[in-house]
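The lines below spell out each chain.
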Amino acid sequence: MSERHYFEDFDKPMEKMPVDFDIEDPALLDCSDKQDRGVLKKIIKEGTGTDTPFDGSTVHVHYIGRLVDGSVFDSSRKRNEPFKFILGKRKVIQAWDWAVSTMKKGEICEMVCKSAYAYGKIGSPPKIPPNSTLIFQVELLSWDDEDLSAGKDKKILRRLIRKGTGYTMPNENAKTKVRLCGLYEGRKFDEREVEFYVDEGDDDLQLIPGIDLAVKKMKKHECSLFTFHPDVAFGREGKPEWEIPGNAEVRYEITLLDFDKAKDTWSMNPDEKFETAERSKEKGSQAFTKGRHAAAIKHYERMKEMLAADAEFKDENEEKRKKMLAVSHNNLAAVHLKLGDLYAAKRATEEALTLDPNNIKGLYRKGTANFGLRDYEEAKRDFQRIVDLEPENKAAKQQLALLSKEMRAQADKDRKRFQGMFDKFAAEDSKGDNKPEVDVKTNGSGSGDGKAE
């Protein structure tokens with residue numbers, strides 16, 4: 001049958017096409033998962049290459065749909081508009097998910113779909129009756145990689161190479177083992193096996209942020225090729241030691257070898273929460289030291305999450321919880337001070353001091369924030385409290401000396417400003433006293449009569 005036969009335009013909505021399909025032909029490809037010959041495919045024109053689309057990819061096709069009597073119930077060709085859908089996500093009838101996933105680019109095929117894998121007992125009135133076997137001619141035009149980015153802005157694209165097993169995927173803080181192969185313009189720059197905790201940002205492992213995001217979408221034993229935008233790769237700086245320039249798009253072939261899901265916070269016992277909080281503190285401090293402030297904040301917030309009030313924290317565990325929680329607030333204050341966010345720093349220290357009113361670091365950072373906010377009296381109270389608790393604290397004494405100097409300078413400025421204002425007002429009042437309130441004129445005799453005209 002000629003190719004033109006399959007893609008001629010139809011002038012009538014229900015034009016008929018002859019059925020040329022022997023469902024008993026053993027050469028037909030059985031595309032159904034159950035291999036029950038419920039979805040059969042015959043290739044009319046071979047496609048190119050060896051790649052086929054994969055679950056999650058957006059495929060672009062042209063098609064003509066018919067009933068077994070040859071009646072055409074739908075045609076993208078007639079609309080002159082290719083049809084696109086996400087493969088493997090049940091966006092179309094099941095037969096299409098199975099059959100299209102076997103096609104190569106440019107392939108034209110004819111497929112027969114039993115009603116169970118099409119519209120079933122209900123059909124799709126008025127064009128498709130109940131229990132209808134359907135026949136489709138399909139041309140696979142192209143497909144796009146799966147967009148995994150949260151904003152659907154194509155910052156993380158996946159091309160599935162091998163499907164994974166099972167149904168679960170790594171969650172935040174899951175212990176994960178992967179095989180990596182980094183590619184830039186066809187050149188390998190990073191090839192290794194590595195174990196890491198998802199979303200913990202271990203700088204020593206030199207993993208780009210995109211890998212954390214990608215792995216959380218993978219199943220065990222899956223192998224996929226990911227394309228990462230610079231924002232989730234090496235950013236503006238690039239990676240000179242790996243000869244990656246700034247603002248470079250890179251690819252990673254990732255195989256998820258194994259993983260252990262992290263426990264949900266609600267299912268952890270106190271010891272597990274303390275262990276996770278301690279690890280988050282260490283990761284946060286590493287990130288802070290290296291200037292990765294957003295990552296540091298993330299780790300310290302995770303620490304806070306682990307140490308939220310819970311009935312299981314009792315006696316000495318409750319005291320330990322409070323001390324560690326105060327540390328998380330103080331560390332957050334340090335990051336916010338570094339970023340110049342004085343209000344956030346002050347709020348964090350207030351949280352810490354609620355738990356431990358005599359916390360020296362909390363008082364010092366609160367005083368620093370208040371000093372920056374020019375709340376000098378409050379800052380003075382913070383630093384004086386430190387000196388009361390630790391009379392030999394040189395840093396607090398230095399800050400008090402600086403405060404006194406700043407407060408005197410501010411008082412001088414205020415005095416000069418107010419004196420200038422008073423002098424100005426006095427000058428204006430003085431000028432006002434020399435002005436006549438009434439213009440008095442003389443009468444014809446030249447004597448003033450005291451009357452205003």
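These numbers come from a predicted model, not from an experiment.

Conventions we followed
- Residues numbered from 1 in each chain as written.
- Predicted model: local features only at pLDDT ≥ 70, side-chain atom pairs only at ≥ 80, totals over all residues.
- Heavy atoms only, no water.
- Helix = DSSP H or I, 4+ residues; strand = E, 2+ residues; numbered from the N terminus.
- Buried < 20%, exposed > 50% of the residue type's maximum accessible area, 1.4 Å probe, protein only.
- Contact = heavy atoms within 4.5 Å.
- Areas by Shrake-Rupley, 256 points an atom, 1.4 Å probe, with all protein chains shown as cover.
- Axes fitted to C-alpha atoms, helices over the stretch in contact; angles between N-to-C directions.
- Parallel < 35°, antiparallel > 145°, perpendicular 65-115°, else oblique.
- Left-handed = near helix turned anticlockwise from the far one by under 90°.
- Nonpolar A, V, L, I, M, F, W, Y, C, P; charged D, E, K, R; others polar.
- Expected span 1.5 Å × (residues − 1).
- Polar contact = N/O pair within 3.5 Å; in protein donor to acceptor, adjacent residues only side chain to side chain.
- Core = buried A, V, L, I, M, F, W, Y, C linked by side-chain atoms within 4.5 Å.
- Pairing = 2+ DSSP bridges.
- Phe/Tyr/Trp six-rings, centres within 6.5 Å; stacked < 30°, edge-to-face > 60°.
- Disulfide = S-S within 2.5 Å.
- Salt bridge = Lys/Arg side-chain N within 4 Å of Asp/Glu carboxyl O.

Bringing the overall build of the protein into the picture now. Along the protein, the regular secondary structure elements total eleven helices and 13 strands. Expressed as a percentage of its 453 residues, the buried residues of the protein come to 42%. Summarising the internal contacts of the protein: among those between residues at least 6 apart in sequence, 64% fall at separations of at least 24. Carbon and sulfur atoms provide 49% of the accessible area of the protein, an area that totals close to 25,900 Å².

Running from N to C, helix α7 (residues 316-339) and helix α9 (residues 360-372) point in directions that differ by 25°, and their axes come no closer than 10 Å. What the angle tells us is that α7 and α9 run roughly parallel. Considering only the axes of α7 and α9, their crossing is left-handed. Between α7 and α9, the contacting residues are Asn330, Asn331, Ala333, Ala334 and Leu337 on the first element and Lys361, Gly362, Arg365, Thr368 and Ala369 on the second. Its residues assigned to classes, the contact of α7 with α9 comprises four nonpolar, four polar and two charged.

Turning our eyes to something else, we now look at α9. Taking 1.5 Å per residue, 13 residues should reach 18 Å; α9 reaches 18 Å between its end C-alpha atoms and fits that length. Where α9 is concerned, the buried positions are Gly362, Leu363, Arg365, Lys366, Gly367, Ala369, Asn370 and Phe371. One side-chain oxygen at the N-terminal end of α9 lies 3.2 Å from the backbone nitrogen of Lys361; it belongs to Asn359. Following α9 by one or two positions, Arg374 has its phi on the positive side, about 65°.

Before going further, it helps to spend a moment on the nonpolar core. In this structure, Phe85, Trp96, Val100, Met111, Phe136 and Val138 are the most contacted members of the largest nonpolar core, which totals 30 residues. Elements that contribute at least two residues to this core include exactly β3 (58-67), α3 (94-100), β6 (108-113) and β7 (134-144). Ignoring anything within four residues of it in the chain, the contact list for Trp96 reads Val61, Tyr63, Phe83, Phe85, Leu87, Ser101, Met111, Phe136 and Val138. Core analysis: the next-biggest nonpolar cluster, separate from the first, contains 29 residues, Ala174, Leu180, Tyr184 and Tyr252 among them.

Let us now look at the sheet that holds strand β13 (residues 250-260). Here six strands make up an open sheet; going across it, the order is β8-β9-β12-β13-β10-β11 and the pairing antiparallel. Edge positions in the open sheet fall to β8 (146-147) and β11 (187-197), since each of these has one partner strand only. In this sheet, β13 lies alongside strand β12 (residues 223-228) in antiparallel orientation, the contact comprising six bridges. Residue pairing for β13: Phe228 is matched across the bridge by Val250.

With that settled, the discussion passes to the environment of Ser280. For Ser280, the position within the fold is in helix α5 (residues 270-289). On the basis of relative accessible area, Ser280 is assigned to the buried category, the value being 1%. For the pair formed by Ser280 and Lys304, sequence separation is 24 residues and the distance between their alpha carbons is 9.4 Å. Leave out the neighbours within four places in its chain, and Ser280 touches His299, Arg302 and Met303.

Mapped onto the elements, Thr354 comes out in helix α8 (residues 342-355). Relative accessible area serves as the criterion here: at 63%, Thr354 is assigned to the exposed category. Taking the C-alpha atoms as reference points, Thr354 and Ala326, separated by 28 residues in sequence, lie 8.6 Å from one another. There is a polar contact of 2.8 Å between the side chain of Thr354 and the backbone oxygen of Glu350.

Per the counting criterion, the structure on display carries 17 aromatic pairs. With a centroid separation of 5.9 Å and 15° between ring planes, the pair formed by Phe226 and Phe228 is classed as stacked. Take Phe228: its relative accessible area is 0%, and that puts it in the buried class. An angle of 90° between the planes, with centres 5.8 Å apart, marks the rings of Phe371 and Tyr376 as edge-to-face. For Tyr376, a relative accessible area of 11% corresponds to the buried category. These aromatic residues form a ring-pair network of at least three members: Tyr63, Phe73, Phe83, Phe85, Trp96 and Phe136.

Counted by the stated rule, this structure contains zero disulfides. Free of any disulfide, Cys113 has its nearest neighbouring cysteine sulfur in Cys31, separated by 8.8 Å. Classification of Cys113 as buried rests on a relative accessible area of 0%. Cys181 supplies the cysteine sulfur nearest to Cys223, a cysteine that is in no disulfide, at a spacing of 9.5 Å.

Glancing now at α8. Between its terminal C-alpha atoms α8 stretches 20 Å, which fits the 20 Å expected from 14 residues at 1.5 Å a residue. On its buried side, α8 packs onto α7 and α9.

All told, the structure shown has 27 salt bridges when counted by the stated rule. For Lys273, the salt bridge identified is with Asp310, shortest N-O distance 3.1 Å. Of this pair, Lys273 sits in helix α5 while Asp310 sits in the loop between α6 (293-306) and α7, and the two are 37 residues apart along the sequence. For Asp310, a relative accessible area of 31% translates into the label partly exposed. We note a salt bridge from Lys366 to Asp382, for which the minimum N-O separation is 3.0 Å. One end of the pair, Lys366, is in helix α9; the other, Asp382, is in helix α10 (residues 376-389), and 16 residues separate them in sequence. When sorted by exposure, Lys366 lands in the same class as Asp382, which is buried. Overlapping salt bridges bring together Lys366, Glu378, Arg381 and Asp382 as one network.

Our next topic: unusual backbone geometry. Omega for the peptide link from Pro125 to Pro126 comes to 5°, which places this bond in the cis form. Phi at Glu185 is positive, roughly 50°, even though this residue is not glycine. Although it is not a glycine, Arg374 sits at a positive phi angle of roughly 65°. The topology assignment puts Arg374 in the loop between α9 and α10.

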